[in-house]
Amino acid sequence: QKVSVEVLDHLEHLALVDFRDSEGVERLQKEMEFADQLHEVNTDGVEPMDSVLEDRCLYLREDDVTEGNCTKELLQNAREKVEEYFVAPPGNIPLPKLEERDTFLQGS
Amino acid sequence: WVPVVGLEIHAQISSNSKLFSGSQVQFAAPPNSLVSFFDASLPGTLPVLNRRCVEAAVMTGLALKCSINKKSLFDRKHYFYADLPAGYQITQQRVPIAVNGSLSYSLCIDSKMSQMVTKTVRIKQIQLEQDSGKSLHDDTRSQTLVDLNRAGRLGLFSFFFPPFGCTGQTVLLIKFPFTEGQLRVDANVSVHHPGEPYGVRTEVKNINSIRFLAKAVDYEIQRQIEELENGGTILNETRAFDSKLGCTVPMRDKEGKQDYRFMPEPNLPPLILYDAKSLPANMNHQQVINIDWIHERLPDLPSVKREKLVEQYGILPEHSFALLNEDGLAEFYENVVKQTRMKPKRVIGWVLNNLLSYLKQHSLTVKESPISSFLLADLLNLLEKKEISSTAAKQVLAELWKGEGKTPLEIVKEQKLQLLQDQKELEQICQAVIDRQENEVMAIKAGNLKVLNKLIGLVQRETQGRSNPVLVKQLLEKKL
């Protein structure tokens, strides 16, 4: 099945990806078909694996303070700062609705 | 209309370091000083789970009678916000560490505290979760300042299953401090008609105190009822509680249903917990968490404490409830009982009715009480030895409350409150009163016993309140 424009629009909002042109959308389509091959395998009675580390032990750290105190270094990355705070816009700047966006998806 | 309220409680565990990194956990530190590279979500950093946080989660699960999942998993919950630099939060959405618990609590159904009911609320799950940073909104300069000190600190989520009932009950459950973001509560509210399926629910955030929780839930229930009665519909949305206006408003940035695109956290294998039976033989014991071991070390739960108090001191369940409801009051009561000869059943009245009401009137905690358990016990001893009357004791208490450092005995002497001990003198006064009040004596002898109280009152006046009314009554009755 082809991916609908609604789903593509939804993905652009959620993940801020940009399906720049028809190639981008086609690539996504092919990736989904590739993944769909999994349905050909009979997985009845098999627990899904969600990590190749599943039979490893999750390492537990002792409750000691071992890091932090590097404000200067961290703020080096910030474009704007105010007294050791990172500065961000007042709220999320939402992606404009599909009709108002300059995107390839508009044409589909 | 039946309201249904579910609560999501985010509580911080007192640990030295954060859930997934070795940064310190501390309140009121300079901004971004308690932030490691992982907390700032710099590429190439990985989460490492804090053992103490897991133990705390297990303890909480056991205390709330949950089943502990011996294998629990971590997931990523994705959304964009300036205080979440990674763009996702590590949480436990699929298989959390503990599920299906319950919490029983006692509720007074009338204001006189004379009737207690036990209610139970179900707990859906408890999960370990990362906290985001803190955003300070600077509206004048149209910017948000982000402090990541809080990022990565443990947030322990407890979901309360609906149905929950009406709001008055919601408030009793939360007894943790709300300050400094140590505890945050979000409420999920919906309404429906009995017998019909549950209505659409809204999530109410930004509730900053217990008092506001009750207001927010009440307001939202009313808003939904009005909306539905006017033919409208309820949107499945997130609303914020505006404490100044006392109402809920739709939240900016959260229009429409959120799609968090949950996925397993690839950097964390499953968390495995053990018990006495499944304890592996050759493992480094620092890497092993034994549920049974933690169970043995659980402190006494409130319901157990309450029963113990009732059994030990012969007080009523309502009294026990009141003692445990106030921080430090139970210890105070027990200390007084230890230091006085007065029976615990009598002491409880003085602690709950007299001391506690003073504290409440002046908004003081037990710790801040100007009257120590020692002083109160001293006073009660005087009362017990019949050196002062009950009324006098109350006067002394009022004086002690001023906290001027006087002992009860000093106050009694100062204000001349000692009961007259001289039987002869008392008899003489009684006789004098009898001799004076001829009319009253006649009435009593004619059978009107109520008039005796007037005579007792007169004797009291003569002795300036320093006579034991019971004794006076006996003497008068003997003479008449």
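Reading the values: the criteria
- Residues numbered from 1 in each chain as written.
- Chains lettered and ligands numbered in written order.
- Predicted model: local features only at pLDDT ≥ 70, side-chain atom pairs only at ≥ 80, totals over all residues.
- Heavy atoms only, no water.
- Axes fitted to C-alpha atoms, helices over the stretch in contact; angles between N-to-C directions.
- Helix = DSSP H or I, 4+ residues; strand = E, 2+ residues; numbered from the N terminus.
- Parallel < 35°, antiparallel > 145°, perpendicular 65-115°, else oblique.
- Left-handed = near helix turned anticlockwise from the far one by under 90°.
- Contact = heavy atoms within 4.5 Å.
- Nonpolar A, V, L, I, M, F, W, Y, C, P; charged D, E, K, R; others polar.
- Domains from an automatic or database assignment.
- Expected span 1.5 Å × (residues − 1).
- Buried < 20%, exposed > 50% of the residue type's maximum accessible area, 1.4 Å probe, protein only.
- Polar contact = N/O pair within 3.5 Å; in protein donor to acceptor, adjacent residues only side chain to side chain.
- Pairing = 2+ DSSP bridges.
- Core = buried A, V, L, I, M, F, W, Y, C linked by side-chain atoms within 4.5 Å.
- Disulfide = S-S within 2.5 Å.
- Arc of directions from axis to C-beta.
- Salt bridge = Lys/Arg side-chain N within 4 Å of Asp/Glu carboxyl O.

With respect to the packing of helix 9 (residues 373-384) of chain B against helix 10 (residues 390-401) of chain B
Residue and element names in this part refer to chain B.
Argument step 1. The N-to-C vectors of helix 9 and helix 10 enclose an angle of 160°; their axes lie 10 Å apart at closest approach. Comparing their axes, helix 10 and helix 9 come out roughly antiparallel. Relative to helix 10, the crossing made by helix 9 is right-handed. Judged by residue contacts, Leu 375, Leu 376, Leu 379 and Leu 383 of helix 9 engage Ser 390, Ala 393, Val 396, Leu 397 and Leu 400 from helix 10.
Argument step 2. Class assignment of the residues belonging to the contact of helix 9 with helix 10 gives a composition of eight nonpolar, one polar and no charged.

Here's the deal with the domain arrangement of chain B
Argument step 1. Domain boundaries in chain B define domain 1 (2-176 + 187-193 + 254-264), domain 2 (302-415) and domain 3 (423-479).
Argument step 2. Computed from C-alpha coordinates alone, the two centres of domain 2 of chain B and domain 3 of chain B are separated by 33 Å.

Describing unusual backbone geometry
Residue and element names in this part refer to chain B.
Argument step 1. For Ser 41, which is not glycine, the phi dihedral falls at a positive 60°.
Argument step 2. With respect to the secondary-structure elements, Ser 41 resides in the loop between strand 1 (2-11) and strand 2 (49-50).
Argument step 3. Residue Lys 65 is not a glycine yet carries a positive backbone phi of 55°.
Argument step 4. For Lys 65, the location among the structural elements is in the loop between helix 1 (51-63) and strand 3 (67-68).

Considering helix 1 of chain B
Residues and elements named next belong to chain B.
Argument step 1. The terminal C-alpha atoms of helix 1, which comprises 13 residues, lie 18 Å apart, in line with the 18 Å expected from a rise of 1.5 Å per residue.
Argument step 2. Taken residue by residue, helix 1 has Arg 51, Cys 53, Val 54, Glu 55, Ala 56, Ala 57, Val 58, Gly 61 and Leu 62 as its buried positions.
Argument step 3. The N-cap of helix 1, judged by a side-chain oxygen 2.9 Å from the amide nitrogen of Arg 52 a few residues on, is Asn 50.

Description of the sheet that holds strand 6 (residues 88-91) of chain B
Residues and elements named next belong to chain B.
Argument step 1. If you walk across this open sheet you meet the three strands as 6-5-16, and the pairing is antiparallel. Of all strands in the sheet, those bounded by a partner on one side alone are strand 6 and strand 16 (263-264).
Argument step 2. Note that strand 5 (residues 75-78) and strand 16 share two bridges and pair antiparallel. Looking at the pairing, Asp 75 lines up with Pro 264 of strand 16.

Section: the nonpolar core
All names here are of chain B.
Argument step 1. Residues Leu 323, Tyr 333, Val 347, Ile 371, Leu 376, Leu 379 and Ile 388 are the most contacted members of the largest nonpolar core, which totals 40 residues.
Argument step 2. Those elements that place two or more of their residues in this core are helix 5 (302-313), helix 6 (317-325), helix 7 (329-339), helix 8 (344-361), helix 9, helix 10 and helix 11 (408-414).
Argument step 3. At nine residues, the largest contribution of residues to this core is made by helix 8.
Argument step 4. In this structure, Val 347 is in contact with Tyr 333, Val 336, Val 337, Thr 340, Met 342 and Leu 380, ignoring residues within four places of it in sequence.

Regarding the side chain of Gln286(B)
Argument step 1. Relative to the assigned elements, Gln286(B) resides in the loop between strand 17 (271-272) and helix 4 (291-296).
Argument step 2. Owing to a relative accessible area of 17%, Gln286(B) belongs among the buried residues under this scheme.
Argument step 3. Apart from residues no more than four positions distant in its own chain, Gln286(B) is found in contact with Leu60(A), Arg61(A), Glu62(A) and Arg51(B).

Points about the state of the cysteines
Among covalent bonds in proteins, the disulfide is the one between the sulfur atoms of two cysteines.
Argument step 1. Under the definition given, this model contains zero disulfides over all chains.
Argument step 2. Unpaired in terms of disulfides, Cys70(A) finds its nearest cysteine sulfur in Cys53(B), a separation of 19 Å.
Argument step 3. A relative accessible area of 11% means that Cys70(A) is categorised as buried.

Describing helix 5 of chain B
Residue and element names in this part refer to chain B.
Argument step 1. The end-to-end C-alpha separation of helix 5 is 16 Å, in line with the 16 Å expected for 12 residues at 1.5 Å each.
Argument step 2. The set of residues buried in helix 5 consists of Arg 306, Leu 309 and Tyr 313. Within helix 5, the buried residues cover an arc of 70° as seen down the axis, which keeps them to one side. Facing away from the buried side of helix 5 by over 90 degrees, the exposed positions are Glu 307, Glu 311 and Gln 312.

Notes on the pairing of strand 15 (residues 247-250) of chain B
All names here are of chain B.
Argument step 1. One ladder, built from four bridges, connects strand 14 (residues 238-242) with strand 15; its direction is antiparallel. Its bridge partner being in strand 15, Phe 241 is matched across the sheet by Thr 248.
Argument step 2. Counting the residues in the hairpin turn of strand 14 and strand 15 gives four residues, including Gly 246, whose phi is positive at 70°.

What to know about the pairing of strand 5 of chain B
Two faces make up the sheet, and in a regular strand the side chains alternate between them.
Residues and elements named next belong to chain B.
Argument step 1. Along strand 5, one buried face is formed by Asp 75 and Lys 77 and the opposite face, lined by Arg 76 and His 78, is buried too.
Argument step 2. Strand direction decides the pairing type here: strand 5 and strand 6, joined by four bridges, are antiparallel. If you follow His 78 over to strand 6, its bridge partner there is Tyr 88.

A look at the pattern of salt bridges
Residues and elements named next belong to chain B.
Argument step 1. Within the structure shown, the criterion is met by 19 salt bridges over all chains.
Argument step 2. For Lys 406, the salt bridge is made with Glu 414, and the minimal N-O distance between the two is 3.4 Å.
Argument step 3. Within the structure, one salt-bridge network assembled from shared partners comprises Glu 399, Lys 402, Glu 404, Lys 406 and Glu 414.

Description of the side chain of Gln127(B)
Residues and elements named next belong to chain B.
Argument step 1. Note on placement: Gln 127 falls in strand 8 (residues 116-130).
Argument step 2. Gln 127 sits in the buried class, given a relative accessible area of 4%.
Argument step 3. Only 2.8 Å separates the side chain of Gln 127 from the side chain of Thr 91, close enough to count as a polar contact.
Argument step 4. Here the side chain of Gln 127 touches Glu 129 through a polar contact of 3.4 Å, side chain to side chain.

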